[in-house]
Amino acid sequence: MKGLLIKDFLALKQQGKIFLAILAFYGIYCISFDNLGMLVGMVVLICVMMPLTTWAYDEKSRWDKYALSMPVPRKTVVLSKYAFALLTELAGMALVAVFGVALVFYSKEISSEEFFYTLLAVGGIGLGFLSLIIPLLFKFGVEKARFIILLVAFLPSVLLILLQDMGLQGPNPETLRLLSYLSPLFLMVMLWVSYKISLSIYNKKEF
Amino acid sequence: MENVLEVRNLTKSYSDFRLNNVSFTLPKGCIMGLVGENGAGKSTTLKLILNLIRREEGEVKIFGMDNLTQEQSIKEKIGVVFDESSFPEHMHAKDISLVMRNIYKTWDQSLYEDYLGRFALPPQKKLKEYSRGMKMKLAIAVALAHRPQLLILDEATSGLDPMVRDEILDIFLEFIQEEDNSILISSHIISDLEKIADYITFIHKGEVLFSQPKDLLLEEYGILKCSHEELERLDKNKVIGYRKNQFGVEALIRKANFKDQRLIDPASIEDIMLYYSRGVRK
C-alpha cells in the first residue's frame, strides 16, 4: 500500500509543479482580492485531476499488470487509489485552511464561520465527486471515463436549472441545514459503496 | 528433482483464440524457454501463471504452492519482467527503489545499486530519457533486487540489439548459478533461448507441441535431405514438416524413425519450430 502511494506521488512530480504554480497564483489572487472562492474552486478541481492523472500514467505504462505480478493484492490497488484521493483531498483542505485563516484574521473580510463551512464544502464536494468517478475510472479507463466525468460534473447543475425553470421551489433553508448536518454520514456511505463497486470491478478485470 | 513450477491443463478461451490444455513442468535450477509464434499463447500462459487473467480450467503450482490461494507468498519470491517498461516515465531509478522497498519485504537496496552501476544506469535520469535497452536492464535490475527464486520473463530480450541481449543473457546465466534459482522465459528470438535454456516448451496455436530438455530435442530431431521422389516414398506420418527447393527436399523428422538414412543433418531449435509451425503441409 505504502509503495503504491509513493509511486502515485512520485509519478506526479511533473504535474505537481504545474499544480503548485496554479495554486500559488490563485493563492495570491485570493489574498489580494479577499476572495477565497476562486482558490476553493481550483483546489477542488486539482484534487479531482490528480487521481485522473495518476490513472493516465498507470495506463500508459501498464502499471496495473506489473503491480499485480508483485506481492500486491487487487484489494490493495483499489484501496491505494482511494487513499491517494483522500490524501490529496486533505492536502487541498489544509491549503484552503491556511489561506482561509489568513483571510479571517488579517482582512476580516470573511467570518470564521463562513470560512469553516467553505472548508467543509471543499472536502465534501471533492470526496463526493471522487466517489463517483473512481469506479468509472476502474471500469472504463481514463480515455472513456473522461467524458462520463464531464457528464457527472454538469448533470447536477443542468438538472437544478431545469427544475427551477419548471417552477419547482428549492428546499427551504431549514431543510438544507438539516441535509448539511447529515452530509458527512451520507458521504461516508457514498465512499464505502463506491469502494465496494470499484473492488468488484477490479476483481473481474483481466490484464 | 524438485519442481519450481507445475502447470497442468491450463485452458482459457477468447473469442478468436483458445489456450488449450497447456501443461509443463520446470525443475528447480533450470531455465525453460517458452517458444512459439506471436499470438501462439506464450503471454497468455504467463499471465495465467501470474493470475493476471482468469483460467477456465487447470492448475498452477509454484514452489509447490497453489498460485491462487497462496498468491502473495509466491509473488514475494518471483521476479517478473514484461516486454515494456512498467513505470511512469517521469520517475527515475532512485524513485523506483523507494517504491519497491515498500512493496517487497526482501528488497536489497545495495544489490539494486550494484546492478545500476553494473548496467551503467544513471539513477537520477528520467525513464523517458532511457533507451529501450536501458529500460529493459532497469526492469531486470528491479526484478533481481528482491532476490527472487524464480524469474518470469515475457519477451524480455525482444527489440534489443545483440550486444545488450548478450549482456542480459549473461545475467540470467549468473542468476541461475544459485542452485535454488530458476527462470521461465518466453521469447520468439530462438537463438537466445538456444544459448541459455535447459528446457524448451513449444506452444503452437494455443497448445503445447512439446516440452523437453533442449539436448534431448536436438538429439531427437534431424533434417533429412532427399530428392522429391524419395520424399514420395517416405512414410508421410513420420515426416513432421518439409520444405522443397529446386535441388531436393529438406524434411524435419525424428531420427529414431529413420535409422537407415544417412543424410540427416542436425536440426536447430529454430528449425524444429519453423518446420512444426509452417511445414505441416502433408
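Coordinates for the structure precede this section.
What you see is a predicted model, and the numbers here were worked out from it, not measured in a lab.

Asker: Where do I start with the pairing of strand 3 (residues 31–35) of chain B in this structure?
Answerer: The side chains of a regular strand alternate between both faces of the sheet. Residues and elements named next belong to chain B. Most of strand 3 sits out of view: five of its five residues are buried. Where strand 3 lies against strand 8 (residues 182–186), four bridges are found, and the strand directions are parallel. Across the sheet, Met 32 pairs through a bridge with Leu 184, a residue of strand 8. With four bridges joining them, strand 3 and strand 9 (residues 199–204) adopt parallel strand pairing. When the bridges of strand 9 are listed, Val 35 appears paired with Phe 202.

Asker: It is not clear to me how the interface of chain A and chain B should be interpreted in this structure. Could you clarify?
Answerer: Interface extent is often summarised as the accessible area lost during association of the parts. Contacts between chain A and chain B engage 28 residues on the former and 32 residues on the latter. Counting the surface lost from both chain A and chain B, the interface buries some 2800 Å², and carbon and sulfur atoms represent 58% of this. Considering only the surface of chain A that becomes buried against chain B, A:Tyr66, A:Pro71 and A:Glu206 emerge as the three largest contributors, covering 23% of it. Between the two partners, chain A and chain B, sit three salt bridges. Between A:Lys13 and B:Asp95 there is a salt bridge, with its nearest N and O atoms 2.6 Å apart. Run the count over chain A and chain B and you get 13 residue pairs in polar contact (both at pLDDT 80 or more). Among the secondary structure elements, those contributing two or more residues to the side of chain A that touches chain B are helix 1 (2–11), helix 2 (13–32), helix 3 (37–60), helix 4 (63–68) and helix 7 (173–204) of chain A. In terms of residues, the side of chain A that touches chain B owes the most to one element, helix 1 of chain A, which gives seven residues. For the side of chain A that touches chain B, the per-class residue count stands at 13 nonpolar, five polar and 10 charged.

Basis of the calculations
- Residues numbered from 1 in each chain as written.
- Chains lettered and ligands numbered in written order.
- Predicted model: local features only at pLDDT ≥ 70, side-chain atom pairs only at ≥ 80, totals over all residues.
- Heavy atoms only, no water.
- Buried < 20%, exposed > 50% of the residue type's maximum accessible area, 1.4 Å probe, protein only.
- Helix = DSSP H or I, 4+ residues; strand = E, 2+ residues; numbered from the N terminus.
- Pairing = 2+ DSSP bridges.
- Contact = heavy atoms within 4.5 Å.
- Buried area = accessible area lost by both parts, 1.4 Å probe.
- Salt bridge = Lys/Arg side-chain N within 4 Å of Asp/Glu carboxyl O.
- Polar contact = N/O pair within 3.5 Å; in protein donor to acceptor, adjacent residues only side chain to side chain.
- Nonpolar A, V, L, I, M, F, W, Y, C, P; charged D, E, K, R; others polar.

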